[in-house]
Amino acid sequence: MSAALKIDQFNLLADEDCDARIRAAKSILGKRLAILGHHYQRDEVFKHADFTGDSLKLSQLAAKTEAEFIIFCGVHFMAEVADIVTDGQRNVILPDLAAGCSMADMANLIKVRKCWSEISEVLDPDEKVTPVTYINSAADLKAFCGSHGGIVCTSSNARGVLEWSFSRREKVLFFPDQHLGRNTGYRMGIPLDEMVLWDFTKPMGGLTVEEIRKAKIILWKGFCSVHQMFHPAHIEKFRREVPRGKVISHPENAFEVCENSDYVGSTEYILRTVRAAEAGSHWLIGTELNLVNRLKDEMKPKGVTVQFMSPMVCMCSTMFRTDPQHLAWTLDNLIAGQVVNRIRVPQEIAKPARAALDLMLEVVD
Ligand code: 13P
Ligand code: SF4
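Residues numbered from 1 in each chain as written. Chains lettered and ligands numbered in written order. Predicted model: local features only at pLDDT ≥ 70, side-chain atom pairs only at ≥ 80, totals over all residues. Heavy atoms only, no water.

## Considering the site of ligand 2
Taken together, Y40, C101, S102, M103, N136, C224, V226, E252, C316 and M319 make up the full set of residues near ligand 2. Looking at the shell around ligand 2 residue by residue, the class counts come to seven nonpolar, two polar and one charged. (Near = heavy atom within 4 Å. Nonpolar A, V, L, I, M, F, W, Y, C, P; charged D, E, K, R; others polar.)

Below is the structure:
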């Protein structure tokens, strides 16, 4: 076996050279390889994906694939999920280890444990509170949920997961995305004043005992830096300019954005809805730019107009880290018999995390 090739040898290659290497490696590796691509990946990478999807679809695909090597063109938590649901039996590779998720980083095990213990000063959380983590979180937080009767959700099954949670315990602790929790809870009929915000920088989350007792959902104060760029004013402007236009947003958007939208759903839902739109319709979309730009190009020949919600460019900078150079580097290493950037979740974390993920996959289809 030869020594691993270094990324420095690839960083200066032109995208076209990387394309040729990627295509050659894919044809040599054949069915031994599956490249998964999230909808936010840039075009130069996305075009090489064998399977594309939102977080739920990609985790289901990862669980099913028999490929020996799974290259995850997405972010770190997605690769961790792929390793967990395949029991460490596949080589799950993240082309650039710096491809994280800033929202996932807003919660960590120490802070969540502190929150749980502070809540226990008011009530017994293991009896009264279901911990629910958005899939955009580190594996040890999924393990925390698995060990405390909790569960994982994605943007496409959050409602079903919350319904399941409330059928077991009276309250939910939802982390790390306050917006997905609030938007979903509100659409289920939970009033805003029964969803309180846990500020993890303050003792007792900055809440009173009464507020904790009254709350149905305790929302972690996390958010997505990309989706916070969209504002109701963008929607108002669009409605003035295109009165018959439709607005569709991802549930990581603020409450006011989602409430002013005609449709709210995951990336896969957004694609499905706009692809089914009538010719002549006009859409404003509140989610990441790479997805919107691709959809705009795809729908133009069908007479459907797609517009990005913000006047600013807001891409997911961590998704953007995966470039053709890193993809070519990981693939050429596989050809040379070297697995680089393998994501491995230790067994003691993977086991309880898997319990919480399996529940999600069972509870909500
Ligand atoms: P989806 O599961 O809807 O693709 O969302 C993932 C994500 O990170 C959105 O910011
Ligand atoms: Fe994380 Fe936001 Fe990027 Fe999604 S868009 S991966 S939530 S930073």
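## Let's talk about the environment of S155
Within the secondary structure, S155 is located in the loop between β6 (151-153) and α9 (158-168). When its relative accessible area of 16% is taken as the criterion, S155 is described as buried. When the C-alpha positions of S155 and T267 are compared, they lie 8.3 Å apart, and in sequence the two are 112 residues distant. Those residues in contact with S155, other than ones at most four positions away along the chain, are Y134, L180, H250, P251 and S266. (Helix = DSSP H or I, 4+ residues; strand = E, 2+ residues; numbered from the N terminus. Buried < 20%, exposed > 50% of the residue type's maximum accessible area, 1.4 Å probe, protein only. Contact = heavy atoms within 4.5 Å.)

## With respect to the packing of aromatic side chains
Throughout the structure, instances matching the rule amount to six aromatic pairs. Note on F175 and W220: the rings are 6.2 Å apart at their centroids and 65 degrees apart in plane angle, and the pair reads as edge-to-face. One end of the pair, F175, is in strand β7 (residues 171-175); the other, W220, is in strand β9 (residues 217-220), and 45 residues separate them in sequence. For the residue pair F175 and W220, the accessibility class agrees, reading buried in each case. (Phe/Tyr/Trp six-rings, centres within 6.5 Å; stacked < 30°, edge-to-face > 60°.)

## Observations regarding the pairing of strand β10 (residues 246-249)
Relative to strand β12 (residues 282-286), β10 is paired through four bridges, and the arrangement is parallel. Paired with V247 across the two strands is L284, which belongs to β12. Two elements, β10 and strand β11 (residues 263-264), share two bridges in a ladder whose sense is parallel. Looking at β11, one finds that I248 is bridged to Y263. (Pairing = 2+ DSSP bridges.)

## Points about the site of ligand 1
In the vicinity of ligand 1, the contacting residues are H38, Y40, D54, S55, Y134, N136, S155, H227, H250, E252, S266 and T267. Within the side chain of S155, a nitrogen or oxygen atom sits 2.7 Å from an oxygen atom of ligand 1. Split by residue class, the shell around ligand 1 holds two nonpolar, eight polar and two charged. (Polar contact = N/O pair within 3.5 Å; in protein donor to acceptor, adjacent residues only side chain to side chain.)

## So, a nonpolar patch on the surface
A surface patch of nonpolar side chains, amounting to about 260 Å² of accessible area, comprises V313, M315 and F320. For M315, the location among the structural elements is in the loop between β13 (305-308) and α16 (324-335). (Patch = residues over 30% accessible without salt bridge, like charges linked within 9 Å, V, L, I, M, F, W, Y side chains within 5 Å. Areas by Shrake-Rupley, 256 points an atom, 1.4 Å probe, with all protein chains shown as cover. Salt bridge = Lys/Arg side-chain N within 4 Å of Asp/Glu carboxyl O.)

## Focus on the nonpolar core
Judged by nonpolar contacts, the single largest core of 101 residues is most densely connected at F174, W198, I217, V274 and I285. When neighbours within four sequence positions are excluded, W198 is seen to be in contact with C115, E118, I119, M204, G205, L207, I212, I218, L219, W220 and K221. I7, I35, V45 and L327 belong to the second largest nonpolar core, which has 20 residues in total. (Core = buried A, V, L, I, M, F, W, Y, C linked by side-chain atoms within 4.5 Å.)

## A look at the side chain of S59
Locating S59 in the fold gives a position in helix α4 (residues 55-64). Among all residues touching S59, those that are not within four sequence positions of it are V81, V85, I135 and M360.

## Here we look at unusual backbone geometry
The omega angle of the peptide bond from F175 to P176 is -5 degrees, so this bond is cis rather than trans. Inspection of the secondary structure puts P176 in the loop between β7 and α10 (178-187). A positive phi angle, close to 55 degrees, is found at M204, a residue other than glycine. Taking relative accessible area as the criterion, M204 reaches 16% and is therefore assigned buried. Phi angles above zero are rare outside glycine, and N341 is one such case at about 55 degrees. By the secondary structure assignment, N341 is in the loop between α16 and α17 (347-363). Among the residues examined, N341 registers a relative accessible area of 17% and is labelled buried.

## What about the pattern of salt bridges?
According to the stated counting rule, one finds 19 salt bridges in the structure shown. Ionic pairing is found between D43 and R294, a salt bridge with its closest N-O pair at 2.6 Å. Of this pair, D43 sits in helix α3 (residues 43-46) while R294 sits in helix α15 (residues 289-299), and the two are 251 residues apart along the sequence. Salt-bridge contacts for D199 lead to K221; the nearest nitrogen and oxygen are separated by 3.6 Å. Of the two residues, D199 sits in the loop between β8 (195-198) and α11 (209-214) while K221 sits in the loop between β9 and α12 (232-241), which places them 22 residues apart along the sequence. Residues joined by salt bridges that share partners form a network here, namely D87, R354 and D358.

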